[in-house]
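The primary structure of each chain is shown beneath.
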Amino acid sequence: MRKVIILLGCIVLSVPLYADRLDSLYRCIDEAISRADEFTQKKELQLDSLRTETRRAADIGKRYDATMRLYNAWRSYRNDSAIACLNRCILLADSMQRPGLKADCYIKMGLQHSAAGSYSEAMHYLNLIPRQQLNSGLLTDYYYAMSHLYGEMASYTHDEPLKSGYYQKSACYRDSLLILLPHDSDVWLRSQESRLYNDHDYKTALKVNDQRIRLAMPDTHEYAIAAYFRAMDYGGLGDKEEKKYWLAQSALCDIRNAVMDQASLWSLAAMLDGEGDAGRSYHYVEYSWACTSQFSAHVRSWTVSPVLTMINDNYKARLGRANTRLWILVALVSLLALLMAGMYLYVSRKRRQLAIARNMLKESNDQLVLRSQELAKANDHLKALNTQLSVLNTQLSESNRVKEEYIGKFFTLCSEYIDKLDQFRIKVNRKMRAHQTDDLFRISQNEEMKEEELAGLFANFDSIFLHLFPNFMADFNALLKPEHRILQTEQGKLPTDVRIVALIRLGIDDSSKIAEFLHYSPNTIYNYRARLKSKAIRREDFEDQVCLIGSAG
């Protein structure tokens, strides 16, 4: 019981996988059919190249080989052109007096006619072959051609005694063929699979087909043939999903290779029609019929025509039912439209009444919105004034702080300089009373006092400034590019270029005034400022950013 449940579970789970796999193949076939002209054009280019090669052949042997290659290209594309090529090959073989080549042409002619349903013509050419003169290679080809011819005749005849006789002859030639061929050749495998299929041994036939699928190159006509036989084997086993899958694989190869002698697509179309997929089956059989017409083989027309008629009738019947349902839906929609028109008139009247009330309410809302907007504008204006006042208060507070610091320091410095001047006066007075004029002259010539006083002035400035703006160096360096940032070499002392920036921060932005304060020329100060701007991250508003260092908020 448990095994049965597991088996049923596997079957249920495998159904979506089959559906997805087939849907993907169907989309590939639809896409390939839409590109059929592209594949046909590629085939025509190949045929044009082979025709040119045939015309340019230097001697009769090369012309024969080129014509045979042209035949192989026509073989599954257009039947009458393939037969015409074989007739030319027969004439060339006669001219070269090569009976072996002529026999090979007769065998190929028999195969071509039998595939096209011209059985009497096929038998005529095969009977012209002197079997006793054939080598082993041609003999196997001859047996295969005869087995194929009788197999085709058995498949399409409705006379049961004849069908049985044809199958026996086909089996006889096939058995002779199986004796001569190596067991790993495609012809041996195909014949063996055909024998097993006719004996209803589908599982063993499927194992033989496994070898054929492995030997065939994907996306080739040979692969399409092997896939078609595989679909027939699965059909014999009653596995419809696998049969559809391999028919689809075979059809896809045939479409991409511009093969006009095909059976997979119309067989798939017939299965899809039986499952109710009328649209896709009609699309496939219509394309298959166009290919059959181009191949121009009446046996294919006889085969496809009933399927086309059945699918066409089913398609028309389904279309008729769909049209009936459509008329019913149109009637229902018309009735609903009348009801909707009545409801529309009723709703329109109510809407007009509602519109009047809405307009009155809108006028009241508009007045309220207007008052709200005026109040909002007044609030915004008041906020702007408050913001300006806050900024001014901050600036005023900062200015007062700076002013208080500098005024206090100013008075201190003035007091110190008064004391220094008084000491200097006493010193000069003492020298003059002692008549030490030479010492006075020497003192007046020495500039050390000036340098000392300037150094003291700058030291006082740096100390006061850094007291006011303790994080100035870090904030200032943040405005510069990383590679140009300035290091403070001495604690509590500003470098010259930073001292210039400090004066700008205090509101002294005139280069002449800065030069006068620092005892430099205006041009030197200008060069310092230009150099600092070139090192800044944002040159355009560098000094404005400097003026904001240490500001509150």
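Structure first, text after, so check above.
Within every chain, residues take consecutive numbers counted from 1 along the sequence as written. Totals for whole chains, interfaces and linings use every residue, but because this is a predicted model, local features are given only for residues with pLDDT of at least 70 and side-chain atom pairs only at 80 or more, for both listing and counting. In computing side-chain properties, one takes all heavy atoms of the structure into account and sets aside hydrogens as well as water.

**Student:** I'd love a proper account of the overall build of the protein chain, names of residues and values included.
**Tutor:** The helix and strand inventory of the protein chain stands at 22 helices and zero strands. Across the 553 residues that make up the protein chain, the buried fraction comes to 36%. Contacts were defined at the residue level, with two residues in contact if any of their heavy atoms lie within 4.5 Å. Expressed as a percentage of contacts within the protein chain between residues at least 6 apart in sequence, the contacts between residues at least 24 apart total 59%. Taken as a whole, the protein chain presents about 33700 Å² of accessible surface, with 57% of it coming from carbon and sulfur. Under the DSSP-based scheme used, a helix requires at least four consecutive residues in state H or I and a strand at least two consecutive residues in state E, with every element numbered from the N terminus. Three exposure classes are used, based on accessible area relative to the maximum for each residue type with a 1.4 Å probe and protein chains only: buried under 20%, partly exposed in between, and exposed over 50%. For the area figures, the Shrake-Rupley method with a 1.4 Å probe applies, and any residue is considered shielded solely by the protein chains shown.

**Student:** Residue-level account of the packing of aromatic side chains, with values.
**Tutor:** Stacked, tilted and edge-to-face are the three classes applied to pairs of Phe, Tyr and Trp rings, where Trp contributes its six-membered ring and a pair requires centres within 6.5 Å; stacked means planes under 30 degrees apart, edge-to-face means over 60, and tilted covers the rest. This model, assessed by the stated rule, comprises 18 aromatic pairs. An angle of 40° between the planes, with centres 5.9 Å apart, marks the rings of Tyr106 and Tyr125 as tilted. With Tyr106 in helix H5 (residues 99–116) and Tyr125 in helix H6 (residues 119–127), this residue pair connects regions lying 19 residues apart in the sequence. Each member of the pair, Tyr106 as well as Tyr125, carries the same accessibility label: buried. Ring centres of Phe465 and Phe472 lie 4.8 Å apart, and the angle between their planes is 85°; on these two criteria the pair is classed as edge-to-face. A connected cluster of aromatic rings, assembled from ring pairs, spans Phe458, Phe461, Phe465, Phe469, Phe472, Phe476, Phe517 and Phe542. Just above the ring of Trp246 sits the side chain of Arg230; from NZ or CZ to the centre is 5.0 Å. Should the NZ of a Lys or the CZ of an Arg lie within 6 Å of a ring centre and within 35 degrees of the ring normal, that charge is described as sitting over the ring. Across the ring face of Tyr528, the terminal group of Arg531 is positioned such that the distance to the ring centre comes to 5.2 Å.

**Student:** Now, about the packing of H5 against helix H7 (residues 136–156): what can you tell me, with residues and values included?
**Tutor:** Where helices are involved, their axes are fitted lines through C-alpha atoms of the stretch in contact, as for all axes, and angles between N-to-C directions lie from 0 to 180°. Taken N-terminus to C-terminus, the directions of H5 and H7 make an angle of 20°; their axes are 9 Å apart at the nearest point. By the criterion of interaxial angle, the relationship of H5 to H7 is roughly parallel. Helix-helix and strand crossings are classified by hand; for H5 and H7 the assignment is left-handed. Residues Gly100, Ala103, Asp104, Ile107, Leu111, Ser114 and Ala115 of H5 form the contact with H7, whose own contacting residues are Leu138, Asp141, Tyr142, Tyr144, Ala145, His148, Leu149 and Glu152. Note that Gly is not counted as nonpolar here; it falls among the polar residues with everything else outside the nonpolar set of Ala, Val, Leu, Ile, Met, Phe, Trp, Tyr, Cys and Pro and the charged set of Asp, Glu, Lys and Arg. For the contact of H5 with H7, the residue count by class is nine nonpolar, three polar and three charged. Orientation categories follow fixed angle ranges, with anything under 35 degrees roughly parallel, anything over 145 roughly antiparallel, 65 to 115 roughly perpendicular, and all other angles oblique. For any helix crossing, the convention is left-handed if the near helix is rotated counterclockwise from the far helix by under a right angle, and right-handed if that rotation is clockwise.

**Student:** Outline unusual backbone geometry, supporting the account with residue identities and numerical values.
**Tutor:** Phi is positive for His200, close to 65°, though the residue is something other than glycine. Secondary-structure assignment places His200 in the loop between helix H9 (186–198) and helix H10 (202–215). Residue Asp219 is not a glycine yet carries a positive backbone phi of 60°.

**Student:** Describe helix H21 (residues 522–535), with residues and values.
**Tutor:** End to end, H21 covers 20 Å across 14 residues, agreeing with the expected 20 Å (1.5 Å per residue, within 8%). Residues Ile525, Tyr528, Arg529 and Leu532 constitute the buried set of H21. Each buried residue of H21 lies within a common arc of 95° when the element is viewed along its axis, so the set occupies one face. The outward face of H21, more than 90 degrees from its buried face, is lined by the exposed residues Asn523 and Tyr526. The secondary structure elements touched by the buried residues of H21 are helix H18 (472–477), helix H19 (496–505), helix H20 (511–518) and helix H22 (542–547). Expected span of a helix: the number of residues minus one, times 1.5 Å. Each C-beta atom gives one direction from the helix axis, and the arc is the one those directions make.

**Student:** Provide a residue-level description of the pattern of salt bridges, including the pertinent values.
**Tutor:** The working definition used for a salt bridge is a side-chain nitrogen of Lys or Arg within 4 Å of a carboxyl oxygen of Asp or Glu. Under the defined criterion, the tally for this structure stands at 21 salt bridges. The salt bridge partner of Arg190 is Asp186, with a shortest N-O separation of 3.7 Å. Separated by four residues within a single helix, Arg190 and Asp186 lie in helix H9, roughly one turn from each other. A salt bridge links Asp462 to Arg499; the shortest N-O distance between them is 2.9 Å. Taken together, the positions of Asp462 in helix H17 (residues 448–468) and Arg499 in helix H19 put the pair 37 residues apart, joining distant regions of the chain. The buried category is assigned to Arg499, whose relative accessible area is 6%. Counted as one network, the salt bridges with shared partners bring together Asp186, Arg190, Glu193 and Arg212.

**Student:** So what's going on with a nonpolar patch on the surface? Residues and values would help.
**Tutor:** Without a salt bridge and with relative accessible area above 30%, a residue can belong to a patch; like charges are then joined within 9 Å and nonpolar side chains (Val, Leu, Ile, Met, Phe, Trp, Tyr) within 5 Å. Taken together, the side chains of Leu335, Leu336, Leu338 and Leu339 define a hydrophobic patch exposed on the protein surface, amounting to about 430 Å² of accessible area. Considering the arrangement of structural elements, one finds Leu335 in helix H15 (residues 298–433).

**Student:** Give me the environment of Pro470: which residues, what numbers.
**Tutor:** Secondary-structure assignment places Pro470 in the loop between H17 and H18. Residues Pro470 and Gly550, 80 residues apart in the sequence, show an inter-C-alpha distance of 8.7 Å.

**Student:** Would you mind going over the environment of Ser164 in detail, with residue names and values included?
**Tutor:** One can find Ser164 in helix H8 (residues 160–180). Separated by ten residues in sequence, Ser164 and Ala154 place their C-alpha atoms 7.2 Å apart.

**Student:** Kindly report on the state of the cysteines, identifying the contributing residues and their values.
**Tutor:** Only a pair of cysteine sulfur atoms within 2.5 Å qualifies as a disulfide here. Overall, the coordinates contain zero disulfides when judged by the stated rule. In this model Cys89 remains outside any disulfide bridge; the closest cysteine sulfur is found in Cys105, 4.8 Å from its own.

**Student:** Give me helix H11 (residues 221–237): which residues, what numbers.
**Tutor:** An α-helical segment advances 3.6 residues per turn. Residues three or four places apart therefore align on the same side. For H11, spanning 17 residues, the distance from its first C-alpha to its last is 25 Å, which sits close to the expected 24 Å at 1.5 Å a residue. Listing the buried residues of H11 in full gives Tyr223, Ala224, Ala226, Ala227, Arg230, Ala231, Met232, Asp233 and Tyr234. Packing partners of the buried residues in H11 comprise H9, H10 and helix H12 (240–256). A positive backbone phi angle near 80° is found at Gly238, which sits one or two residues after H11.

**Student:** Give a description of the packing of H7 against H8 that names residues and reports values.
**Tutor:** The contact between H7 and H8 brings their axes to 8 Å, and the two run at 155°. When the axis of H7 is compared with that of H8, the two are roughly antiparallel. With respect to the hand of their crossing, H7 and H8 are arranged in left-handed fashion. Here H7 contributes Leu139, Thr140, Tyr142, Tyr143, Tyr144, Met146, Ser147, Tyr150, Gly151, Met153, Ala154 and Ser155 to the contact with H8, which in turn contributes Lys163, Tyr166, Tyr167, Lys169, Ser170, Tyr173, Arg174, Ser176, Leu177 and Leu180. The residue makeup of the contact of H7 with H8, split by class, is 13 nonpolar, six polar and three charged.

**Student:** An account of the side chain of Ser264 is needed here, citing residue identities and associated values.
**Tutor:** With respect to the element layout, Ser264 can be found in helix H13 (residues 264–274). By relative accessible area, which is 2% here, Ser264 ends up buried.

**Student:** Break down the nonpolar core for me, citing the residues and quoting the values.
**Tutor:** What is meant by a nonpolar core is a set of buried Ala, Val, Leu, Ile, Met, Phe, Trp, Tyr and Cys residues, joined one to another through side-chain atoms within 4.5 Å. The biggest cluster of nonpolar side chains holds 91 residues, and the ones touching the most others in it are Ile29, Tyr142 and Tyr284. Element by element, the count of residues in this core is highest for H7, at eleven residues. Setting aside residues no more than four positions away along its own chain, Ile29 makes contact with Ala248, Leu252, Ile255, Leu265, Leu268 and Tyr284. Counting residues in hydrophobic clusters, the runner-up holds 31 residues, among them Leu468, Val498, Ala536 and Val546.

The values reported here are purely geometric and, on their own, carry no functional implication.
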